[in-house]
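Reading the structure
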Amino acid sequence: MNNSKGAFQLSLSFIIIIVFAIVLLTLAVTWLQGVITSVTGLTNDLTQQAQSKLQSTFSQTNKNFAVWPSSYKIE
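All residue numbers refer to positions counted from 1 along the written sequence of the respective chain. Only residues with pLDDT of at least 70 get local features here, since the model is predicted, and only at 80 or more are side-chain atom pairs given and counted; chain-wide, interface and lining totals rely on the full set of residues. Each side-chain value is worked out from all heavy atoms of the structure, with water and hydrogens disregarded.

**Considerations on the overall build of the chain**
- Each helix is a run of H or I in the DSSP string that is no shorter than four residues. Each strand is a run of E no shorter than two, and both are numbered from the N terminus. Looking only at helices and strands, the chain has one helix and zero strands in total.
- Burial classification: accessible surface area is computed with a 1.4 Å probe over protein chains only, and a residue below 20% of its type maximum counts as buried, one above 50% as exposed, and the rest as partly exposed. Relative to its 75 residues, the chain shows a buried fraction of 0%.
- All accessibility values rest on the Shrake-Rupley procedure with a 1.4 Å probe; residue burial counts only the protein chains present in the view. In the structure as shown, the chain presents an accessible area of about 7,500 Å², 66% of it carried by carbon and sulfur atoms.

So this is what it looks like as structure tokens:
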């Protein structure tokens with residue numbers, strides 16, 4: 001009789017721990033989703049600002065713009 005009571009308490013504690021872990025996991029995923037959304041919005045905003053600045057800069061000049069490495073490595 002005493003062994004079954006101990007087994008029941010162990011399983012009840014296990015269930016409580018699992019429920020607690022699921023709640024914490026849900027909170028963590030919700031928080032992470034909010035952080036990712038804000039970072040994505042900031043990145044899109046900065047990209048749009050950079051593109052508009054580049055477009056306005058190059059619309060005022062006739063110079064070419066290129067990016068290339070300062071040196072080439074030939075093996």
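Here the narrative resumes, following the displayed structure.
**Let's talk about a nonpolar patch on the surface**
- Patch construction takes residues with relative accessible area above 30% that form no salt bridge. Like charges are linked within 9 Å, and nonpolar side chains (Val, Leu, Ile, Met, Phe, Trp, Tyr) are linked within 5 Å. A carboxyl oxygen of Asp or Glu within 4 Å of a side-chain nitrogen of Lys or Arg is what we treat as a salt bridge. A contiguous nonpolar patch, built from Phe-14, Ile-15, Ile-18, Val-19, Phe-20, Ile-22, Val-23, Leu-24 and Leu-27 and spanning about 880 Å² of accessible area, is present on the exposed surface.
- With respect to the helices, strands and loops of the structure, Phe-20 is situated in helix α1 (residues 2-59).

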